[in-house]
Each structure stands twice: as structure tokens, then as C-alpha cells.
Amino acid sequence: MFQYTCLNPVAQIGLDVFGEGYAKTDDVNEAEAILVRSASMHDMELSDKLVAVARAGAGVNNIPLEKCAEKGVVVFNTPGANANGVKEMVICGMLLAARDIDGGINWVKENASDENISKSMEKAKKNFAGTELKGKKLGVIGLGAIGVLVANVANRLGMDVYGVDPYLSVKNALNINRDVTVLKSYDELYEQCDYITIHVPFLEDTKGMLNKEAFSKMKDGVIILNYARDLLVNDEDMKEALESGKVAKYVTDFPNPAVVKMPNVIATPHLGASTEESEDNCAVMAANELREYLENGNISNSVNYPNCDAGECFTAGRITVAHRNIPKMLHQLTNVISAEGINIDNMTNKSRKEYAYCVFDIDSESSEELADKLREIDGVLKVRVVK
Ligand code: MLT
């Protein structure tokens, strides 16, 4: 019986993925798996029982990835599962920036008691006029699941779309409409775009990437959209750029005490992926990733360990080892297994930066005794008896 816990409410359709053999617990120390949305795990003690964390969403800045990796805890996310929800919000954000829809709606509310509203609005509407998206240049920073959807739909709306992604995957590249121009550098994008939307993860090297230097290369009156993470934008520099008019509007899903006081900010409370469909998709994907890992030891969409697919286990036993990516590990691991007189039928080993993961399919059932011997090897972080 596997036990899992949820640190936030998670869509029932996702929890239904855990069938027989799974129990939900409220005691995080009893759980082998954690499902999380936005709850911060940075100050949490990670119990020795914990083997996996799945984030129902894309951003993982609420999870201590390194601390988890050091304990052999595999962290998953759900790339693409909420991409359509975010894409639709980005289009909405561009429209809100292009035309004063919000001002117009407020005007109607304020004039609700006006018996002649149908006439007076014809006079008032000039105050809320705007521009169209068609023909404008959109720059998409980051062509991952969300960036590609945004680029393609904007292209279909008649925008001239440019994208940049130094880590563009083959899969995403193949999904980009051929009318979208993929540029080599951020500078080329900054120089020509009327709208710039950012869709990169928050990492040490993306922190504050939209800053004074970047703004100085952009067109005067550029509109910036941020449906990714707040700290990708340097608030101080944004304030200055908004005050000078360099940035005409900042559309953000991440209001904070500084941003909400800035002029020409259009802010929503992190609504990008807040749709029934996105929440369901993320929950189902996260639960499936956990099941595959718990039941078969296979890893897909991890953000701190390598992906590793050893398929179904057709041998008598399977044991998995999360370990440091250092010399002689495989030699030591296989020595321990063979010293027990066990034959290794199949072995899959994958590495990712400092960490690696190994699946051994063996000709006898694996046991906690064998696991304990493997755990004694320096550099082994977690051993799991899967079968
Ligand atoms: C994400 O990271 O997936 C989105 O920002 C939505 C969310 O945080 O749930």
C-alpha cells in the first residue's frame, strides 16, 4: 500500500488516478509521495519515507529541488498540462493592454443608474478606445509548451511573431507555426517587438532578466506581459521604465506590494492556469507520474533527476538506486548485487548534472537486505525495492 498526501487541494480527477493500493494520508511523515501546487516546501523536513514529489503545475520554485535530490527524492512537474489555460490568459492580457476594456467595464458599472446609458455611452466610449493586435510585433521569450502555444495563436490573430529560446527542444521546434520567426538573440527580439511576453522558468540565471539593460534595448512604449514568475522582472527597473514611458504597460499575473503601486500596471492574481481544465490536466498528469515512479520506478518529467524509462519489469525483481553522478558508482553497485549471487538481466542508468539514477532488473526478487547493502555505498542517496 502506497501512501500519498496533498499539500494543496488537488482536483479529484487526479486523485482518482490512484486506485487500489493507494491511501491518502494527512500525515506528511507517513507519505511516500507528495502532491503539491503552490505550497512552499522550502522549510519542510523531508521524511525518510518520502520518495517523490509531484508539482501539479509547471513552476517549481516552491520546492527545494537540491534538498530533495540530496535525499534521493525525485521531483516531477507537469509541463504543458496547463499551457492552454495560460495561453488564453496571455491573449486576454494583450487585449486588456491594447484597449481599455477594464476602464469601459468600470464606466458601465459606475453609470448603472443612468437611464440614458445607451446614449451616453456613445459619447463616453472615445475614452476607452485602443488599438488592434493584428499587424503588431509580438516577441515570445521562451518557446516551451506555453510559449509555442502563445506564438502560434498570436500568429493566427495576425500578429507578426518572433521567438527566442536558447534551449528550444526538437519537439517544441516542430510545433511552431512556420510563420513564427525564431531569432538567435534576445537583443534582436527586444529591438523590434511592440509586445513582449516571457515564458521561461524562474532560475538563478533568469532572475531579473527583464531589467534596465533589457528595457533600454526595447522600443519606446513596449508592452510587457509576465505570466511566468514575478522575479523574472526587476521591479525597481520596471518602475523606472513605466514612469518614463519606455514600457507603456506591464501586464502581470504576479502583483506584489511594489508592482501594484506602479503606473500602467494591469495585474491579475496568478490566474494564468486557474481553469477547471488546467487544474484537472495537471492533477491527472502529476498523479500518473507518481504512479509510474512508485509502481515501476520509471521517471518522466523530473526536474531534479534524469528521466529514465526501463519499461515494465519482466524479471523476478527490480531495484532502483538514486545516486551521485560520480566515478565508480556503477562498478560498486553491480559488485554488491553480484556478490549476492544475483544476476542482473537489465540495467538502465541515466544521469543529470550531479545526480544519477539506476534501475536494475534482476533474476530474483529484490529485498530490503540487498537494498541495505546498496545503501552503504558512499554516494547512494536512495534505494527502492520496486519488485
Ligand atoms: C504554473 O507554474 O504551472 C502556473 O504558474 C500555475 C500554477 O502555479 O499553478
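Visitor: Is there a simple way to think about the domain arrangement of the chain in this case?
Guide: Buried accessible area, meaning the area lost when the parts come together, often serves as the stated size of an interface. Domain parsing of the chain yields domain 1 (1–82 + 273–305), domain 2 (89–94 + 129–267) and domain 3 (308–387). On a C-alpha basis, the centres of domain 1 and domain 3 stand 23 Å from each other. Listed as interface residues are 20 residues of domain 1 and, on the opposing side, 17 residues of domain 3. When domain 1 packs against domain 3, the two sides together hide about 1,500 Å² of surface, and 43% of this comes from carbon and sulfur. The largest share of the area that domain 1 buries against domain 3 comes from Glu-70, Asn-298 and Tyr-305, three residues that together contribute 35% of it.

Visitor: What exactly am I supposed to notice about the packing of aromatic side chains here?
Guide: Working definition: an aromatic ring pair is given by the centre-to-centre distance plus the angle between the planes. Across all of its chains, the model carries 7 aromatic pairs by this definition. Seen in terms of ring centroids, Tyr-293 and Tyr-357 are 6.1 Å apart; in terms of plane orientation they differ by 45 degrees. Their pairing is tilted. Remark: Tyr-357 occurs in strand S15 (residues 355–362) and Tyr-293 occurs in helix H11 (residues 276–296); sequence separation between them is 64 residues. Of the two residues, Tyr-293 and Tyr-357, both sit in the buried class.

Visitor: What is the right way to read helix H4 (residues 101–110) from this model?
Guide: Working note: α-helix, 3.6 residues per turn, so residues spaced by three or four point in the same direction. Every buried residue of H4 is accounted for by Gly-103, Gly-104 and Trp-107. Angular distribution of buried residues about the axis of H4 spans 100 degrees; they occupy a single face of the element.

Visitor: Explain the sheet that holds strand S13 (residues 317–324) to me, please; I cannot follow it from the model alone.
Guide: Backbone-to-backbone hydrogen bonds pair the strands of a sheet. The strands run either parallel or antiparallel. Spatially, S14-S15-S13-S16 is the arrangement adopted by the 4 strands of the open sheet, whose pairing is antiparallel. Among the strands making up the open sheet, the edge pair consists of strand S14 (344–352) and strand S16 (380–385). Shown here is a sheet whose adjacent strand axes are inclined to one another by a mean of 15 degrees, direction ignored. Relative to S16, S13 runs antiparallel, the two being bridged by 5 bridges. For His-323, the partnering residue across the bridge sits in S16 and is Val-380. Sitting on the sheet, helix H13 (residues 368–375) touches S13, S15 and S16, and the angle it makes with S16 is about 170 degrees.

Visitor: Got a minute to help me understand the sheet that holds strand S6 (residues 137–141) in this structure?
Guide: The strand order S8-S7-S6-S9-S10-S11-S12 describes an open sheet built from 7 strands, whose pairing is parallel. Two strands close off the open sheet at either side, each with one partner strand: strand S8 (181–182) and strand S12 (265–267). As paired elements, strand S7 (residues 160–164) and S8 share 2 bridges and run parallel to each other. Bridging across to S8, Gly-163 finds its partner in Val-182. Here helix H3 (residues 83–98) sits on the sheet in contact with S6, strand S9 (195–198), strand S10 (222–226), strand S11 (247–252) and S12, set at roughly 145 degrees to S10. Across the sheet, helix H10 (residues 235–244) touches S10, S11 and S12, and the angle it forms with S11 is around 135 degrees.

Calculation rules
- Residues numbered from 1 in each chain as written.
- Predicted model: local features only at pLDDT ≥ 70, side-chain atom pairs only at ≥ 80, totals over all residues.
- Heavy atoms only, no water.
- Domains from an automatic or database assignment.
- Contact = heavy atoms within 4.5 Å.
- Buried area = accessible area lost by both parts, 1.4 Å probe.
- Phe/Tyr/Trp six-rings, centres within 6.5 Å; stacked < 30°, edge-to-face > 60°.
- Helix = DSSP H or I, 4+ residues; strand = E, 2+ residues; numbered from the N terminus.
- Buried < 20%, exposed > 50% of the residue type's maximum accessible area, 1.4 Å probe, protein only.
- Arc of directions from axis to C-beta.
- Pairing = 2+ DSSP bridges.
- Axes fitted to C-alpha atoms, helices over the stretch in contact; angles between N-to-C directions.

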